[in-house]
Amino acid sequence: DDSVSLSQNVISANGTLLFWVKRTTASADYIYSQNVDELSIYVGASPYVTTLYYDGSAVDTLTLTGNWELVGFTFAQGATGYSYLNGVQGSGVACSATAPTAGTTRIGSNTGGSANFFGGYIALFRQFNVALTATQILNIFQQERHLFGV
């Protein structure tokens, strides 16, 4: 049960969360959590449906397989947010016109750091302060896939 607490506020109204993940257990937990569900990535127990929350509302979802996968979510205040799985853009959903509020940020658990530990591996976690394009995310996938046998 490990997680990382980020010491500074990393909230942004626009951005990209991008990371490699391999799910190993079926439990409901967080990959990323900032101020509860202001900006978070929550994974359900089965199937591994992953949801991005922006300003407390679900923005987009995708389903993990249990293999190493590059997962990304782009978000932009008042614009469209997208999910990405292995460089492929998913459906887009409108993000709230209100930016998420600042708060505790953790990778691998809920914001309290005492529950909902992610059941698996997280690698190369990155947060950008801009929403990357579909081409940029696909290029990152192509450059890194050999590191994870994909």
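Residues numbered from 1 in each chain as written. Predicted model: local features only at pLDDT ≥ 70, side-chain atom pairs only at ≥ 80, totals over all residues. Heavy atoms only, no water.

1. A closer look at the sheet that holds strand 9 (residues 88-94)
The five strands are arranged 9-8-7-2-11 in an open sheet whose pairing can be described as antiparallel. Edge positions in the open sheet fall to strand 9 and strand 11 (120-128), since each of these has one partner strand only. Strand-to-strand twist of the sheet, defined as the mean angle between neighbouring strand axes without regard to direction, takes the value 15°. Note: strand 2 (residues 14-23) against strand 11, seven bridges, orientation antiparallel. In the strand pairing of strand 11, tryptophan 20 is matched with alanine 123. (Pairing = 2+ DSSP bridges. Helix = DSSP H or I, 4+ residues; strand = E, 2+ residues; numbered from the N terminus. Axes fitted to C-alpha atoms, helices over the stretch in contact; angles between N-to-C directions.)

2. Some words on the pairing of strand 8 (residues 80-85)
For strand 7 (residues 69-76) and strand 8, the ladder comprises four bridges, and the chain directions are antiparallel. Bridged to threonine 74 within strand 8 is tyrosine 82. Remark: three residues form the turn of the hairpin made by strand 7 and strand 8, two consecutive strands paired antiparallel; glycine 78 in that turn has positive phi of roughly 75°. By the bridge criterion, five bridges tie strand 8 to strand 9 in an arrangement that is antiparallel. Residue pairing for strand 9: tyrosine 84 is matched across the bridge by glutamine 89. In sequence, strand 8 turns back onto strand 9 through a hairpin of two residues, with asparagine 86 there showing a positive phi of about 55°.

3. A closer look at unusual backbone geometry
A positive phi angle, near 55°, is found at asparagine 86, a position not held by glycine. Looking at where asparagine 86 falls in the secondary structure, it is placed in the loop between strand 8 and strand 9. Residue leucine 124 is not a glycine yet carries a positive backbone phi of 50°. Here leucine 124 falls in the partly exposed class, since its relative accessible area comes to 40%. (Buried < 20%, exposed > 50% of the residue type's maximum accessible area, 1.4 Å probe, protein only.)

4. Notes on the packing of aromatic side chains
Scanning all chains against the criterion turns up six aromatic pairs. Aromatic side chains tryptophan 68 and phenylalanine 148 sit 4.8 Å apart centroid to centroid with 45° between the ring planes, which places their arrangement in the tilted category. Placement of the pair is tryptophan 68 in the loop between strand 6 (57-64) and strand 7 and phenylalanine 148 in the segment after helix 1 (134-144), with a sequence separation of 80 residues. Residue tryptophan 68 is classed as partly exposed on the basis of its relative accessible area of 21%. One aromatic cluster is present, formed by Trp20, Trp68, Tyr121, Phe141 and Phe148 through successive ring pairs. (Phe/Tyr/Trp six-rings, centres within 6.5 Å; stacked < 30°, edge-to-face > 60°.)

5. Some thoughts on the nonpolar core
Judged by nonpolar contacts, the single largest core of 21 residues is most densely connected at Val21, Ile31, Ile41, Leu52, Tyr54, Val71 and Phe75. Among the secondary structure elements, those contributing two or more residues to this core are strand 2, strand 3 (29-34), strand 4 (39-43), strand 5 (48-54), strand 6 and strand 7. Aside from chain neighbours lying at most four places away, what touches phenylalanine 75 is Ser12, Ala13, Asn14, Gly15, Thr16, Leu17, Leu39, Leu52, Tyr54, Gly81, Cys95 and Ala131. By size, the runner-up hydrophobic cluster in this structure holds 10 residues, among which are Leu70, Ile137, Phe141 and Phe148. (Core = buried A, V, L, I, M, F, W, Y, C linked by side-chain atoms within 4.5 Å. Contact = heavy atoms within 4.5 Å.)

6. Considering the environment of arginine 145
Looking at where arginine 145 falls in the secondary structure, it is placed in the segment after helix 1. A residue is classified by how much of its surface remains accessible, and arginine 145, at 28% relative accessible area, is partly exposed. Taking C-alpha positions, arginine 145 is 10.0 Å from glycine 87, a pair spaced 58 residues apart along the chain. Those residues in contact with arginine 145, other than ones at most four positions away along the chain, are Trp20 and Val150. Within the local environment of arginine 145, its side chain forms a polar contact with the side chain of glutamine 142, the two groups lying 3.4 Å apart. (Polar contact = N/O pair within 3.5 Å; in protein donor to acceptor, adjacent residues only side chain to side chain.)

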